[in-house]
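Remarks on the overall topology
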Amino acid sequence: MHFMSFKYMAGTATVVAGLFSSTLAFAETTVVVGYQQIVGPFITAIADGRFDAAAKEAGYTIDWRQFSSGGDISTALASGNVPIGVIGSTGTTAAATRGVDLELFWILDNIGKSEALVAREGSGIEKPEDLKGKNVGVPFVSTSHFHLLVGLEQVWKVDPREVNILNMKPPQIIAAWQRGDIDAAYVWPPALSELMKNGKVIADSETIGAASVPTFDGLVADKNWAAENPKFMTAFTKVLAQAYSDYNTNKAAWTPDSAQVQGIVKLIGGDGAGAVEALNLLSFPNAAEQASDLWLGGGATRALVESAKFLAAQKQIDKALDDYAPFVNGSYAKAASE
């Protein structure tokens, strides 16, 4: 479900000048909120109009825009035009480190099983320790690359220098795999689904995340904008809490032909069966979990700290900040869970 090599999961949003009605003397704020091709309850709640209804009640109109490029959100947030957007944990860290005044206020999904280390049949790889001396494809500076290195160094105690790690985009990974040029790869769907036809999962981001820090996609807000628009933030987060609760309670009802899944397909493409498969690989923490130490109450900050060390080692940022806690705000999720 991640369609970019760098996976700075991006959504772009802009606040447009008030629309003055000819009869009314007040301006209604239009917020352009960006989303990406990531399946989940967030997309379903856009499709069924729940966000729009809640925003209208709070005095706002949302103009939804789909974005595909990860770099766009960082640039747009930095320019001050974007109040709310979707970014992954690695991208959030990079933007925060580069001085973008953002706050992570909702965990869109725990990447979990949707990113995995897969070994090709006949490669002789049965467990992570067998990767020594093997060719492993992964998109560099992605959440997959981050977890591959964390897995090697922290979880399996394998020196990454003993593994031939190759920088490849998902389509290149598929081609190299089919030619037999690589023995294993760490990647996300749809490439992951393709590799599974003659490969097997050796580890995934759920197990590595549980043993270290998780990778996730998140919703971030421009800090000043959020502080100045508490009514919108509260209404928006309440819809998120309701949508996530609906999914976690009635998961079995989200079949390929269901209104929920068809809403996802309508907005981001693909087909019902593929959307359900992708949903099953991700996990969607409810509001109480969001606010807990597992996520916005501490875990997300720890994940940003580790991501910053990774980005600095990869020369993507000059150096990590001393503290990432100011970039995480669990108060909206906490309020929505009460």
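Treat the numbers as computed from the prediction; the structure is a model and nothing was measured.

Some words on the nonpolar core
- Core analysis: the largest hydrophobic core is formed by 96 residues, its most contacted members being Phe42 and Phe236.
- Take this core: its biggest share by element is 10 residues, from helix α10 (residues 230–249).
- Counting residues in each nonpolar core, the second largest holds 13 residues, with Ala116, Trp188, Ala191 and Leu195 among its members.

Looking at the pairing of strand β6 (residues 116–120)
- With 5 of 5 residues buried, β6 lies mostly within the body of the structure.
- Residues Ala116, Val118 and Arg120 point to one face of β6 and Leu117 and Ala119 to the other, with burial holding for every one of them.

As for the pattern of salt bridges
- Applying the stated criterion across every chain yields a total of 13 salt bridges.
- Between lysine 113 and glutamate 206 there is a salt bridge, and its shortest N-O distance comes to 2.5 Å. Of this pair, lysine 113 sits in the loop between β5 (102–110) and β6 while glutamate 206 sits in helix α8 (residues 205–211), and the two are 93 residues apart along the sequence.
- The exposure class of lysine 113 is partly exposed, given its relative accessible area of 37%.

Thoughts on the environment of threonine 234
- With respect to the element layout, threonine 234 can be found in helix α10.
- Sequence spacing of threonine 234 and alanine 336 is 102 residues, and the spatial spacing of their C-alpha atoms is 7.5 Å.

A look at the packing of aromatic side chains
- Evaluated as defined, the whole model comprises 19 aromatic pairs.
- With a centroid separation of 6.5 Å and 65° between ring planes, the pair formed by tyrosine 60 and tryptophan 225 is classed as edge-to-face. Taken together, the residues span a long stretch of sequence, with tyrosine 60 in strand β3 (residues 60–66) and tryptophan 225 in helix α9 (residues 223–228) at a distance of 165 residues. This pair shows no difference in class: tyrosine 60 is buried, exactly as tryptophan 225 is.
- Taking 6.1 Å as the distance between ring centres and 45° as the angle between the ring planes, the aromatic pair formed by tyrosine 324 and phenylalanine 327 counts as tilted. The burial state of tyrosine 324 is the same as that of phenylalanine 327; both residues are buried.
- Its end group placed over the ring of phenylalanine 327, lysine 223 keeps NZ or CZ at 5.0 Å from the ring centre.

Observations regarding the packing of helix α2 (residues 50–57) against α10
- Orientation of α2 relative to α10, taken along the N-to-C sense of each, is 150°, at an axis distance of 9 Å. Relative to α10, the element α2 is oriented roughly antiparallel. Our pair here, α2 against α10, has a crossing hand that is right-handed. Contacts between α2 and α10 involve Arg50, Phe51, Ala54 and Ala55 from the former and Phe232, Ala235, Phe236, Val239, Leu240, Gln242, Ala243 and Asp246 from the latter.
- Each residue belonging to the contact of α2 with α10 can be placed in one class, and the counts come to 9 nonpolar, 1 polar and 2 charged.

Quick word on the side chain of threonine 215
- Considering the arrangement of structural elements, one finds threonine 215 in the loop between α8 and β11 (216–222).
- Leave out the neighbours within four places in its chain, and threonine 215 touches Ser89, Asn110, Ile111, Thr143, Phe146, His147 and Ser205.

What to know about the confidence of the model for the chain
- Confidence in the prediction for the chain averages 88 pLDDT; 90% of positions are at 70 or higher.
- Scored below 50 in pLDDT, residues 1–26 makes 108 contacts in the model with residues more than four places away or belonging to other chains.

So, the sheet that holds strand β4 (residues 84–88)
- Pairing is antiparallel in the open sheet, where 3 strands are placed in the order β4-β11-β5. The open sheet has two edge strands, β4 and β5, and neither has a second partner. Averaged over all neighbouring strand pairs, the angle between strand axes comes to 30°, with direction disregarded.
- Bridging between β4 and β11 involves 5 bridges; their strand directions are antiparallel. Residue pairing for β11: isoleucine 84 is matched across the bridge by alanine 221.
- Most of the contacts of α10 go to β5, to which it runs at about 10°, and overall it touches β4, β5 and β11.

Section: the sheet that holds strand β7 (residues 135–138)
- Taken together, the 5 strands give an open sheet; going across it, the order is β8-β7-β9-β6-β10, and neighbouring strands pair in mixed fashion. Looking at strand neighbours, the two that pair on one side only are β8 (164–167) and β10 (199–204), the edges of this open sheet. For this sheet the average axis-to-axis angle between neighbouring strands, irrespective of direction, equals 25°.
- Pairing analysis gives 2 bridges linking β7 to strand β9 (residues 184–187), with the strands arranged parallel. Residue pairing in the sheet places valine 136 in a bridge with alanine 184 of β9.

Calculation notes
- Residues numbered from 1 in each chain as written.
- Predicted model: local features only at pLDDT ≥ 70, side-chain atom pairs only at ≥ 80, totals over all residues.
- Heavy atoms only, no water.
- Core = buried A, V, L, I, M, F, W, Y, C linked by side-chain atoms within 4.5 Å.
- Buried < 20%, exposed > 50% of the residue type's maximum accessible area, 1.4 Å probe, protein only.
- Helix = DSSP H or I, 4+ residues; strand = E, 2+ residues; numbered from the N terminus.
- Salt bridge = Lys/Arg side-chain N within 4 Å of Asp/Glu carboxyl O.
- Phe/Tyr/Trp six-rings, centres within 6.5 Å; stacked < 30°, edge-to-face > 60°.
- Lys NZ or Arg CZ within 6 Å of the ring centre and 35° of its normal.
- Axes fitted to C-alpha atoms, helices over the stretch in contact; angles between N-to-C directions.
- Parallel < 35°, antiparallel > 145°, perpendicular 65-115°, else oblique.
- Left-handed = near helix turned anticlockwise from the far one by under 90°.
- Contact = heavy atoms within 4.5 Å.
- Nonpolar A, V, L, I, M, F, W, Y, C, P; charged D, E, K, R; others polar.
- pLDDT = per-residue confidence, 0-100.
- Pairing = 2+ DSSP bridges.

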